[in-house]
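These are the residues of each chain, in order.
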Amino acid sequence: MTKKAVCPGSFDPMTMGHLDIFTRASHLFDEVTVLVTGNPDKPSGLFTVEERVALIREVVPENIKVDFWSGLLVDYTSEHHIDTIVKGLRSSLDYEYELPMAQMNRRLTGVETTFLLTDEKYGYISSSLAKQVAQFGGDVTGLFPEPVHRAVVEKFA
Ligand code: PNS
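Residues numbered from 1 in each chain as written. Predicted model: local features only at pLDDT ≥ 70, side-chain atom pairs only at ≥ 80, totals over all residues. Heavy atoms only, no water.

Enquirer: Before we move on, could you go through the site of the ligand and cite the residues and values that matter?
Expert: Near the ligand, the surroundings consist of 14 residues, among which S10, N39, K42, L73 and Y97 are the closest. In the environment of the ligand, an oxygen atom lies 2.8 Å from a nitrogen or oxygen atom belonging to the backbone of L73. Within the side chain of Y97, an N or O atom sits 2.7 Å from an oxygen atom of the ligand. Isolated, the ligand exposes 540 Å² of accessible area, and the fraction of that covered by the protein chains is 83%. No other element matches helix α4 (residues 92-109), which puts four residues into the shell around the ligand. Per-class residue counts for the shell around the ligand are five nonpolar, seven polar and two charged. (Near = heavy atom within 4 Å. Polar contact = N/O pair within 3.5 Å; in protein donor to acceptor, adjacent residues only side chain to side chain. Areas by Shrake-Rupley, 256 points an atom, 1.4 Å probe, with all protein chains shown as cover. Helix = DSSP H or I, 4+ residues; strand = E, 2+ residues; numbered from the N terminus. Nonpolar A, V, L, I, M, F, W, Y, C, P; charged D, E, K, R; others polar.)

Written as structure tokens, this is what we have:
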């Protein structure tokens, strides 16, 4: 049976930490989809959903699918027969944030969430922190994959 996983998130934009999680997930599951999802707590972003999807497509290997979804995550996983949600954990703060979502999603449809520990190289990177540094002209080299880095620098130019 094909084991399918989804890596959902705002990805505004994707970072090196995200890329590491997508790649590692693709070694663990037969089929991985990166899903740009709506987060009602983050209504406006630096990049449009279309831009985020295009940047991810440019960066990830071809065996990783990329899609977007504006509804409930569990509706997407049910519709696409996806067994597992994959999320990265950088710290106990991430755990506190992720735990209720994982439990809610499991309660809704039984879908499981698998957590991968963020590589220590990327543990301090978040899209929001890196964007803030870029906004004020700081050096964000190495925080984003190259095409994303260029797009971020252009946005703030
Ligand atoms: O990168 P983020 O913003 O931390 O990702 C959170 C995200 C987008 C995965 C979460 O907000 C989500 O699942 N949104 C889809 C809507 C949904 O299913 N909400 C209920 C979550 S229990």
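Enquirer: Please give an account of the pattern of salt bridges that cites residues and values.
Expert: All told, the structure shown has 10 salt bridges when counted by the stated rule. Among the ionic pairs, R90 bridges to D94, the shortest N-O distance being 2.8 Å. Relative accessible area serves as the criterion here: at 10%, D94 is assigned to the buried category. One salt-bridge network, in which partners are shared between bridges, spans D12, R52 and K131. (Salt bridge = Lys/Arg side-chain N within 4 Å of Asp/Glu carboxyl O. Buried < 20%, exposed > 50% of the residue type's maximum accessible area, 1.4 Å probe, protein only.)

Enquirer: Talk me through the nonpolar core; I want residue IDs and the actual numbers.
Expert: Within the largest apolar cluster, 33 residues are counted, with the highest numbers of intra-cluster contacts made by M14, F22, I56 and V86. Secondary-structure elements contributing two or more residues to this core are β1 (4-9), α1 (16-28), β2 (31-37), α2 (49-59), β3 (64-69), α5 (127-135) and α6 (146-155). The dominant element in this core, judged by the number of residues it contributes, is α1, at five residues. Beyond its immediate sequence surroundings of up to four residues, F22 is in contact with C7, F11, M14, V32, V34, I56, V60 and I64. Core analysis: the second largest hydrophobic core is formed by eight residues, L35, L73, V74 and Y76 among them. (Core = buried A, V, L, I, M, F, W, Y, C linked by side-chain atoms within 4.5 Å. Contact = heavy atoms within 4.5 Å.)

Enquirer: Report on the UniProt feature "domain: Cytidyltransferase-like" (unreviewed entry) in the protein chain, specifying residues and quantitative values.
Expert: Residues given the UniProt feature "domain: Cytidyltransferase-like" (unreviewed entry) here are residues 6-132. Between the end C-alpha atoms of residues 6-132 there is a gap of 28 Å, over a span that is 43% helix and 23% strand. (UniProt positions renumbered as here; feature names shortened; annotations may be inferred.)

Enquirer: Summarise α1; cite the residues concerned and give the values.
Expert: The terminal C-alpha atoms of α1, which comprises 13 residues, lie 19 Å apart, in line with the 18 Å expected from a rise of 1.5 Å per residue. Taken together, the buried positions of α1 are M16, G17, L19, D20, I21, F22, A25 and S26. On its buried face, α1 sits against β1, β2, α2, β3, β4 (84-89) and β5 (112-117). The N-cap residue of α1 is T15: its side-chain oxygen and the backbone nitrogen of G17 are 3.2 Å apart. (Expected span 1.5 Å × (residues − 1).)

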